[in-house]
Amino acid sequence: MRYQALADFAVNYPHPLRLTKGEEVSVAQRDRMWPEWVWTTNKDGLSGWVHESQLTIKGKTAHATEDSNAQEISLRKGDVVESLRELGGWHWCRKGDGQEGWTPGYNLRASAPEQGNPESSGI
């Protein structure tokens, strides 16, 4: 689904955590605003937020249930993106130039399909 950015959004974590399926991480706190997101740290000391559905958590450790990437995406107000996945209030989006990453859903508004484009109108 296509969305438009309601405001600028800057990347908060320039070195995103990337996990491969089966990788073990240590688990810390959950985010207060987004409780489905868990702060995790890999064996190399790199940390980032991972959605709970992407982990099997046992105490203070967890294993990734799928490959994941904590990359955020910078947006400017008015940017149009395609949401490829939504988890816990965040959308994995693709910009027109091919960049992909997470952005919070509160910053997105559904965008009308382009007129004259049968693919975007569901035909």
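Look up: the structure comes first, before these words.
All of these numbers come straight from a predicted model, not from anything done at the bench.

According to the stated counting rule, one finds 7 aromatic pairs in the structure shown. On the numbers, 5.6 Å between centres and 50° between planes, the contact of Tyr13 with Trp39 is tilted. Of this pair, Tyr13 sits in the loop between strand E1 (2-5) and strand E2 (18-19) while Trp39 sits in strand E4 (residues 37-41), and the two are 26 residues apart along the sequence. Residue classification places Trp39 among the buried residues on the basis of a relative accessible area of 18%. Here Trp34 and Trp90 contribute two aromatic rings whose centre-to-centre distance is 5.7 Å and whose plane-to-plane angle is 70°, an arrangement assigned as edge-to-face.

Membership of the largest hydrophobic core comes to 16 residues, with the highest contact counts inside it found for Trp37, Leu75, Val81, Trp90, Trp102 and Leu108. Those elements that place two or more of their residues in this core are E1, E4, strand E9 (80-87) and strand E10 (90-95). For this core, the element with the most residues is E10, which contributes 3 residues. Beyond its immediate stretch of four places on either side in the chain, Trp102 contacts Phe9, Trp37, Asn69, Ala70, Gln71, Glu72, Ile73, Arg85, Leu87, Trp90, His91 and Trp92. The next biggest cluster of nonpolar side chains, apart from the first, holds 10 residues, and it includes Val25, Val27, Val38 and Leu55.

All told, the structure shown has 5 salt bridges when counted by the stated rule. Two residues, Arg76 and Asp8, come together in a salt bridge whose shortest N-O distance is 3.1 Å. Pair noted here: Arg76 is in the loop between strand E8 (68-69) and E9 and Asp8 is in the loop between E1 and E2, with a separation of 68 residues, a long-range link. Classification of Arg76 as exposed rests on a relative accessible area of 55%. Residues Arg30 and Glu52 are paired through a salt bridge, measuring 2.7 Å at the closest nitrogen-oxygen approach.

Calculation criteria
Residues numbered from 1 in each chain as written. Predicted model: local features only at pLDDT ≥ 70, side-chain atom pairs only at ≥ 80, totals over all residues. Heavy atoms only, no water. Phe/Tyr/Trp six-rings, centres within 6.5 Å; stacked < 30°, edge-to-face > 60°. Helix = DSSP H or I, 4+ residues; strand = E, 2+ residues; numbered from the N terminus. Buried < 20%, exposed > 50% of the residue type's maximum accessible area, 1.4 Å probe, protein only. Core = buried A, V, L, I, M, F, W, Y, C linked by side-chain atoms within 4.5 Å. Contact = heavy atoms within 4.5 Å. Salt bridge = Lys/Arg side-chain N within 4 Å of Asp/Glu carboxyl O.

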